[in-house]
Structures are given as structure tokens and as C-alpha cells.
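Residue-level listing of the chains:
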Amino acid sequence: AVEAEAQMQQQDRIIREMQAKRNELESYIYDARGALYDLGTYVTPQDSEAISNFLDESENWLYDAFDATKKEYQAKLDEVKGRVEPVKARRDESMNRPAALTNLRSVCDDFKRVVNSTEERLAHLTDEDRNQMRTFIKNAESWIDEKLAAQEKLSLTVDPVLTCKAIHDRAAQLRRECNPIANKPKPAPKPEPKPEEAKAAPAADAAGAAEGEGA
């Protein structure tokens with residue numbers, strides 16, 4: 001009886017998971033139709049029509065596949081996402097790229113202020129230190145110009161060559177290059193000179209003379 005009950009519970013779990021995955025697929029297809037309309041700027045009319053037709057085919061499959069397994073529903077969901085998510089990604093990249101570039105340029109500007117600073121706290125940075133930072137900053141700015149020029153030649157309907165991740169990674173690289181220099185500690189102050197032993201000698205002689213008189 002215990003074994004039979006365990007089998008029933010297992011079967012119930014399989015059915016629940018299958019139904020949940022089926023519902024997930026159905027919801028995604030429904031939402032994707034609305035999203036596709038809003039994503040028109042980031043997909044060609046031909047591709048949009050192809051995706052729309054594929055959504056119709058997937059919905060028809062869904063209503064015919066009442067005996068499908070969770071694995072089969074997941075496979076179909078992955079297939080549908082494979083058509084829709086790249087278009088969403090192009091939109092997200094286009095919308096978020098300006099802020100990512102602003103952040104990278106801000107990092108460049110922050111290190112330029114360090115390079116050109118005359119503050120006492122940075123006075124220990126050598127010309128070599130500052131020139132090395134200038135090189136790192138110039139490389140980052142050249143990277144921005146090169147990648148942005150390539151990106152601006154592309155239509156919004158194709159995958160970007162300048163991604164937000166690449167921009168964030170370039171900012172992180174610049175920090176790794178410049179922070180060790182910008183945060184280089186000041187040299188330890190030179191120790192105070194010790195009193196010369198010669199100055200201590202007369203005092204010792206005077207003490208010895210006093211002892212002799214006392215004797």
C-alpha cells in the first residue's frame with residue numbers, strides 16, 4: 001500500500017509539472033505575439049512574419065499535443081524562445097547601451113582627474129605613473145570610438161557588435177589597470193635622525209668626573 005501510494009504521488013507530481021510547463025508555453029506564445037508588435041523596430045518585416053507564423057504553428061501544436069511530456073513542452077518552449085528572445089535582446093541592448101557608454105566614459109574621466117590632479121594626496125605619483133594611466137585611458141577611449149563606429153553602421157534589426165556586457169567588461173578592465181596606480185600608497189616618511197653619539201659623549205664624561213670628585 002505504501003509503495004502504491006508513493007507511485008501515485010510520483011504520478012501526480014509528473015502531471016503537475018507537465019501541466020505547469022504546458023501553461024508556461026501557452027503564456028509565452030500569447031505574450032510573444034504582443035511583444036512582436038512592440039518589437040517592430042528590431043526585426044525585419046520578413047522575420048516578423050516568419051516568427052508570427054511560427055507562433056501560430058506552435059500554438060496549433062500545443063492544442064494537439066495533449067499527451068506531450070514535460071520534456072517535449074520544454075523543447076518546444078526553448079524553440080519558440082530561440083526565435084523571440086534575440087529580438088528582445090536587440091531592443092534591450094539598444095535601450096541600455098547609452099547608459100553603459102556613459103558609465104565607461106565616466107570611468108575614463110575619473111582617472112583623467114587623477115592624472116591631472118595637483119592635490120597633495122596624489123603628489124607622490126610619478127610622471128611614469130601618470131603617463132601609464134594616460135595610455136590606459138586613451139586605449140579605452142579608442143576602443144569606444146572603434147566599436148561605436150562599427151555599431152552605428154548596423155541596422156537595429158541585426159544583432160549588435162557592441163554589447164552592454166562588452167562595455168561593462170571594458171570599464172572593469174580600465175579599473176583593473178588604473179586603480180593600482182591611482183591608489184598607490186605614499187612612500188613611508190623617512191625616520192627622524194637619531195641624536196649623534198658624539199653629542200651624548202660629553203654628558204657621559206661629566207657624569208664620570210662627578211663620580212671621581214665624590215670619591
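Residues numbered from 1 in each chain as written. Predicted model: local features only at pLDDT ≥ 70, side-chain atom pairs only at ≥ 80, totals over all residues. Heavy atoms only, no water.

A. Molecular detail of the overall build of the chain. For the chain, the helix and strand inventory stands at 6 helices and 0 strands. From first element to last, N terminus to C terminus, the chain shows the α and β order α-α-α-α-α-α. The C-alpha radius of gyration of the chain comes to 36 Å, more than 25% above the 17 Å expected for a compact globule of 215 residues. Referenced to the eigenvectors of the C-alpha coordinate spread, the extents of the chain come out at roughly 120 × 65 × 20 Å. A fraction of 77% describes how many contacts in the chain between residues 6 or more apart in sequence connect residues 24 or more apart. For the chain, the exposed area adds up to about 14600 Å²; of that, 52% sits on carbon and sulfur atoms. Placing the 32 positive and 41 negative side-chain charges of the chain at their respective mean positions leaves the two points 4 Å apart. (Helix = DSSP H or I, 4+ residues; strand = E, 2+ residues; numbered from the N terminus. Rg over C-alpha atoms; globule rule 2.2 N^0.38 Å. Contact = heavy atoms within 4.5 Å. Areas by Shrake-Rupley, 256 points an atom, 1.4 Å probe, with all protein chains shown as cover. Lys, Arg positive; Asp, Glu negative; His and termini not counted. Charge placed at Lys NZ, Arg CZ, Asp CG, Glu CD.)

B. Inspection of the packing of aromatic side chains at higher detail. For the structure shown, the criterion picks out 1 aromatic pair. Considering the side-chain rings of W61 and Y73, the 5.7 Å spacing of their centres and the 80° angle between planes classify their relative orientation as edge-to-face. Highlighted residues: W61 in helix α2 (residues 45–64) and Y73 in helix α3 (residues 70–116), separated in sequence by 12 residues. A relative accessible area of 0% places Y73 in the buried class. Stacked on the ring of W61, the Lys or Arg K76 has its end atom at 5.3 Å from the ring centre. The cationic tip of R83 hangs over the ring face of F54; the distance from NZ or CZ to the ring centre is 4.0 Å. (Phe/Tyr/Trp six-rings, centres within 6.5 Å; stacked < 30°, edge-to-face > 60°. Buried < 20%, exposed > 50% of the residue type's maximum accessible area, 1.4 Å probe, protein only. Lys NZ or Arg CZ within 6 Å of the ring centre and 35° of its normal.)

C. Up close: the nonpolar core. Counting residues in hydrophobic clusters, the biggest one holds 25 residues, and the most contacted among them are F111, M133, I167 and L174. Counting only elements with at least two residues in this core, the list comes to α3, α4 (127–152) and α5 (164–182). Ranked by residues supplied to this core, first place goes to α3 with 8 residues. Here L174 is in contact with V107, C108, F111, F136, I137 and A140, once residues within four sequence places are set aside. Within the second largest apolar cluster, 21 residues are counted, among which are A32, A68, Y73 and L77. (Core = buried A, V, L, I, M, F, W, Y, C linked by side-chain atoms within 4.5 Å.)

D. Fine view of the side chain of T157. Secondary-structure assignment places T157 in the loop between α4 and α5. Since its relative accessible area comes to 18%, T157 is described here as buried. A polar contact of 2.8 Å, which involves the side chain of T157, links it to the side chain of S155. Among residues more than four places away in sequence, those in contact with T157 are T41, Y42, V43, T44 and R90. (Polar contact = N/O pair within 3.5 Å; in protein donor to acceptor, adjacent residues only side chain to side chain.)

E. Layout of the packing of α3 against α5. Packing of α3 against α5 leaves a shortest axis separation of 9 Å and a crossing angle of 10°. Judged on the interaxial angle alone, α5 and α3 are roughly parallel. Along its contact with α3, which presents E93, N96, R97, A100, L101, N103, L104, V107, C108, F111 and V114, the element α5 presents C164, I167, H168, R170, A171, L174, R175, C178, N179 and A182. Residues that form the contact of α3 with α5 fall into these classes: 13 nonpolar, 4 polar and 4 charged. (Axes fitted to C-alpha atoms, helices over the stretch in contact; angles between N-to-C directions. Parallel < 35°, antiparallel > 145°, perpendicular 65-115°, else oblique. Nonpolar A, V, L, I, M, F, W, Y, C, P; charged D, E, K, R; others polar.)

F. How the structure looks around the packing of α4 against α5. Put simply, α4 and α5 touch, their axes get as near as 10 Å, and they point 175° apart. Judged by the angle between their axes, α4 and α5 are roughly antiparallel. Across the interface between the two elements, D129, Q132, M133, F136, I137, N139, A140 and W143 from α4 touch A166, I167, R170, L174, E177, C178, I181 and A182 from α5. Considered class by class, the residues forming the contact of α4 with α5 number 11 nonpolar, 2 polar and 3 charged.

G. Molecular detail of the pattern of salt bridges. What the rule picks out here adds up to 14 salt bridges. For the salt bridge of K70 with E17, the shortest nitrogen-to-oxygen distance reads 3.5 Å. Within this pair, whereas K70 is found in helix α3, its partner E17 is found in helix α1 (residues 2–38), the two being separated by 53 residues in sequence. Given the relative accessible area of 30%, E17 is considered partly exposed. We note a salt bridge from R90 to D159, for which the minimum N-O separation is 2.8 Å. You can see R90 sitting in helix α3 and its partner D159 sitting in the loop between α4 and α5, a full 69 residues away along the chain. Each of the salt bridges in this network shares a partner with another, and the network as a whole consists of R13, E17 and K70. (Salt bridge = Lys/Arg side-chain N within 4 Å of Asp/Glu carboxyl O.)

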